[in-house]
Amino acid sequence: MIKLIQSEFIKNYSIKKIIVSLLILFVGSLLLILFEKTFGNRITYDNSFSYHESEYNSILNKYKKDNEKNPSIFNKDLVSVMEEVHENFKLTNNIIKGHNETMWQKYFIRVYMQEVARKYALNRLDDCDKDEISNYILRYENTGSLDTYHIIKEAYIDYLDSYKNANYQNKKKEVEANIIRYDKIIKDNKFYQYIEYNCEKTGNVSNSRYKEYCEYIIRNKIGEQYDYRVVNASEYMFFNDLWNSNSVLNKNGDSYTLKLNSNLKNIYKKQEKIIKYAYEKEIKHDLKIPGDYLAYDGLYLNTKNYTNKGLSLGFIICFILIFNCSGIVSREHDKGTVKLLLTVPMKREKILISKFIYLIINMFLLWIVGSIFIFIVSGINYGFDDLFVNELVLIGGKVHEINYFIWYLGKLLLHSIPVICFLSFMYFLSATFKNTVVTSSVCSVLTFLSILIWVILDNLKIKVLYFIAYLPISYLDYNIIRENNIFYINSISNTNLTSTYGIIISIICTIIFLLISISYYKKIDIVNK
C-alpha cells in the first residue's frame, strides 16, 4: 500500500504542479492574514495626522473670517485661542501618527481648547465694559452645534456671560490650573491620567466592577488605552453589565439592549470564564467575542489572531486538490491505465483506500506548509512572543493553559475532518462518474459556496434554506465555528444544531462516501477505455 501511495504522488505531481500549488497556498495564506487585518474586529480611526491638521486650519480660518467680517476684540480672542493651542494640536497629531487614535486623546485636545477659550474670556473681562460684552453675547448666541468650531466659541461666550457680573479671579486660577494639567496629560499621553481625571470629574463610581476597572488601571499606571490588560478588564466589565442589566455599550459608545439567543448566551458564558482568567492572570487571549455590541472586542494586537487564520486554510487546500487530484480515479479511465491498475495482485479496496490516504496525506502536507508560512509572516509582522504564551482553554468548566503549538495542532486535526469529508465526496464523484471535468466543476462550485453559506443564510433568513445548515459542506471552513462567527450564530439559532454537529455529520458522510465508492468499484468490470 505504501508503494501505491508513493506512486500517486509521482503520478499527480510534477515540478510545475508543485510550484503552482505552493503559489496558490502562499497567496491564499497572505489573503487570510490580510482579511484578519481588515475585518478582525479592531476599532480603527481614519482621523490621521493630515485630518487633524486640516481640521485645525479650518477652525482657525473660520475664526479669522469671522473677525474680518465683524472685527472685534472678542473674535480676535478666538483666533488667539487657536494659535495658542496649535503646539498641542501638533503634538497630539505626532503622538497618534501611524497609530490608532484613541478616544481620550481626541477628548482631551477638545477639553484643552475649551479651557484656553475660557482663559481668554476671563482675561477679556478685565478690560471690557458689561454693555460691550452683552452686545457680543446677544449677537453670537449659542447655536447648539456639536462641532469643534462652535464648542470652542460657546465655551468662550458662556464664560463671558457667566462671570460678567461675578467675581472671576478665583475662577481664573482654577482655569489656569486646569490648562496646566490638561497640557501635561496631552504631553505625557498616559491613559491612566485620563482615568484619574475622569474619576475626579464624575465623583464616586457606583458600579463596583467599573470602580475596580479604574483602580486597576491607575494602580498599574497603564499608559495605553488598548493595552491588553485594559481590554481584558473592559471585556470582563462588559459581561458584568450584560448579565446585570442586559444593556451594554456598542462600538459607537451608545447603550444597546441585547436580545440574546441561547447559542450566543452559552458562548458568552464560556468566554466570560476565559476572559476573567486572562484579566486576573494578566494574559493575552485570542477570543473573538461575537456581535457588534462590545466596544472593546479584539482591540489589542495578538499574533495568534493572525496565525489562527491558518486553521481556515482548508478551503484553499480544497481548491488545490481539486486542481491536482479531482481525477484521482477518473483519470485512470481517461488514460487507459485502469486495467493495469486493477489487475495488480491486490484487493481493489486496498487500491482505493491507498488513493484516499494519498489525498489525506496531501491535505496535511499542504496544511502544515501553509501554517508554517502564516506563522512566519505573522511573527515577522506582529512579533513571535505571543506564540509562546499558553492558549486558554475551557475544559470541564475550568480554564486551563495549553501550549499554543499543541493546541493549534489539535485544532488542525479537528478542522481537517470536514475537509476529509469533502475529499471523500470528490473521491466518490471521481469513482462513480469517471469524469474529471464533472468532478472538478461540482467540487469547485461547492467549495466557493461554502465560503458564503452562513452569510447567505443570515441575510436572506429564508426558512426553507436552513436545511443547508445540516449539510457537511457548510462546515468546510470549521474555523468559522471556532471563531463564533456572528453569521453562523444567527443562522444556527434557527435550528437545533450544536457546534459539534459539523464534525459528527462529516465523519458519518465520509464513511458513507467511502463505502459507496469501494462497493461500486468492487463490482464494476475492468474496462480499458
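All residue numbers here refer to positions counted from 1 along the written sequence of the relevant chain. Whole-chain, interface and lining totals are the exception, using all residues; otherwise, since this is a predicted model, local features are given only for residues with pLDDT of at least 70 and side-chain atom pairs are given and counted only at 80 or more. Side-chain measures here rest on the full set of heavy atoms in the structure, leaving out hydrogens and waters.

Re the overall build of the chain
Runs of E in the DSSP output that reach at least two residues are strands. Runs of H or I that reach at least four are helices, and both are numbered from the N terminus. Counting its regular elements, the chain contains 22 helices and four strands. Relative to its full complement of 529 residues, the chain shows a buried share of 50%. In these tables, accessible area is a Shrake-Rupley quantity obtained with a 1.4 Å probe, and a residue counts as shielded only by the protein chains included in the view. Of the roughly 26,100 Å² of accessible surface on the chain, 58% is carried by carbon and sulfur atoms. The rule is simple: take the accessible area with a 1.4 Å probe, protein chains only, and divide by the maximum for that residue type; under 20% is buried, over 50% is exposed, in between is partly exposed.

Observations regarding the confidence of the model for the chain
The predicted model of the chain has a mean per-residue pLDDT of 83, with 85% of residues at 70 or higher. Mean pLDDT per element in the chain: strand S1 (residues 247-249) is the minimum at 49, and strand S4 (residues 398-402) is the maximum at 96. The pLDDT value expresses, per residue, how confident the predictor is, ranging between 0 and 100. In what follows, residue pairs with any heavy atoms lying within 4.5 Å of each other are defined as contacts. Low pLDDT, under 50, characterises residues 43-48; the predicted model gives this stretch 14 contacts beyond four residues in sequence or across chains. Confidence drops under a pLDDT of 50 for residues 249-256, and excluding neighbours within four residues, the segment shows 23 contacts in the predicted structure.

Remarks on the packing of helix H9 (residues 191-202) against helix H10 (residues 208-219)
When two helices pack together, you describe them by how their axes are tilted relative to each other and by the distance separating the axes. Lines fitted to the C-alpha atoms define the axes, with helices restricted to the stretch that makes contact. Angles between their N-to-C directions range from 0 to 180 degrees. Remark: H9 packs on H10, axes separated minimally by 9 Å, with the N-to-C direction vectors making an angle of 135 degrees. Between H9 and H10, the crossing angle belongs to the class labelled oblique. Relative to H10, H9 is oriented so that their crossing is left-handed. Where H9 abuts H10, its residues Phe 191, Tyr 192, Ile 195, Glu 196, Asn 198 and Cys 199 lie against Tyr 210, Tyr 213, Cys 214, Ile 217 and Ile 218. By the convention adopted, Pro, Cys, Tyr, Trp, Phe, Met, Ile, Leu, Val and Ala count as nonpolar, Lys, Arg, Asp and Glu as charged, and the other residues, Gly among them, as polar. Looking at side-chain class alone, the contact of H9 with H10 contains nine nonpolar, one polar and one charged residues. Any angle that falls under 35 degrees is termed roughly parallel, while one over 145 is termed roughly antiparallel, one within 65 to 115 roughly perpendicular, and all others oblique. Working rule for handedness: look at the near helix, and if it is turned counterclockwise from the far one by less than a right angle, call the crossing left-handed; if clockwise, right-handed.

Some remarks on the state of the cysteines
Any pair of cysteine sulfurs within 2.5 Å is marked as a disulfide. Taken as a whole, this structure holds zero disulfides when the rule is applied. Cys 199 carries a free sulfur, and the closest cysteine sulfur to it, the one in Cys 214, is 3.7 Å from it.

A word on the pattern of salt bridges
Throughout this description, the term salt bridge denotes a Lys or Arg side-chain nitrogen within 4 Å of a carboxyl oxygen of Asp or Glu. Enumeration according to the criterion identifies 19 salt bridges in this entry. When the shortest N-O distance is used, the salt bridge between Lys 172 and Asp 126 registers 2.6 Å. Of this pair, Lys 172 sits in helix H8 (residues 169-188) while Asp 126 sits in the loop between helix H5 (103-124) and helix H6 (130-139); the two residues are 46 residues apart in sequence, bridging distant segments of the chain. Judged by relative accessible area, Asp 126 falls into the partly exposed class, the value being 44%. Glu 483 serves as the salt-bridge partner of Arg 482, at 3.8 Å between the closest nitrogen and oxygen. Glu 483 matches Arg 482 in its accessibility class, with the two residues each being buried. Within the structure, one salt-bridge network assembled from shared partners comprises Glu 36, Lys 288, Lys 309, Arg 482 and Glu 483.

Some thoughts on the pairing of S4
If a strand is regular, its side chains alternate between the two faces of the sheet. At least two bridges found by DSSP between two strands are what make those strands a pair. Of the strand pairs in this sheet, strand S3 (residues 391-395) and S4 are connected by five bridges, and their pairing is antiparallel. Its bridge partner lying in S4, Leu 392 is registered against Glu 401. In textbook terms, the turn of a hairpin is the stretch between consecutive antiparallel strands, and for S3 and S4 this stretch comprises two residues, one of which, Gly 396, has a positive phi near 60 degrees.

Things to note about a nonpolar patch on the surface
Without a salt bridge and with relative accessible area above 30%, a residue can belong to a patch; like charges are then joined within 9 Å and nonpolar side chains (Val, Leu, Ile, Met, Phe, Trp, Tyr) within 5 Å. Where nonpolar side chains cluster on the molecular surface, the patch consists of Phe 319, Val 445, Phe 448, Leu 449, Ile 451, Leu 452, Ile 456, Leu 460, Ile 462 and Val 464 and spans about 830 Å² of accessible area. By residue number, the principal contributor to the nonpolar patch is helix H19 (residues 436-460), which donates seven residues. With respect to the helices, strands and loops of the structure, Leu 460 is situated in helix H19.

Focus on helix H2 (residues 15-39)
Working rule for helices: expected span equals 1.5 Å times residues minus one. Its 25 residues give H2 an end-to-end C-alpha distance of 36 Å, which sits within 8% of 36 Å, the value for a rise of 1.5 Å per residue. Along H2, the residues that are buried comprise Ser 21, Leu 25, Gly 28, Ser 29, Leu 32, Ile 33 and Glu 36. Contacts from the buried residues of H2 go to helix H13 (303-307), helix H14 (314-325) and helix H17 (348-382).

Some thoughts on unusual backbone geometry
One non-glycine residue, Glu 282, lies in positive phi territory at about 55 degrees. Summarising the element assignment, Glu 282 is placed in the loop between helix H12 (262-281) and H13. According to the relative accessible area criterion, Glu 282 is partly exposed, its value standing at 32%. Even without a glycine there, the phi angle at Asn 484 is positive, about 55 degrees. Among the residues examined, Asn 484 registers a relative accessible area of 16% and is labelled buried.

Topic: a positive patch on the surface
In this tally, Lys and Arg are treated as positive and Asp and Glu as negative; His is ignored, and so are the chain termini. Charge positions come from single atoms, namely NZ of Lys, CZ of Arg, CG of Asp or CD of Glu. On the surface, a cluster of positive charge is made up of Lys 347, Lys 350, Lys 522 and Lys 523. Mapping Lys 347 onto the fold places it in the loop between helix H16 (338-342) and H17.

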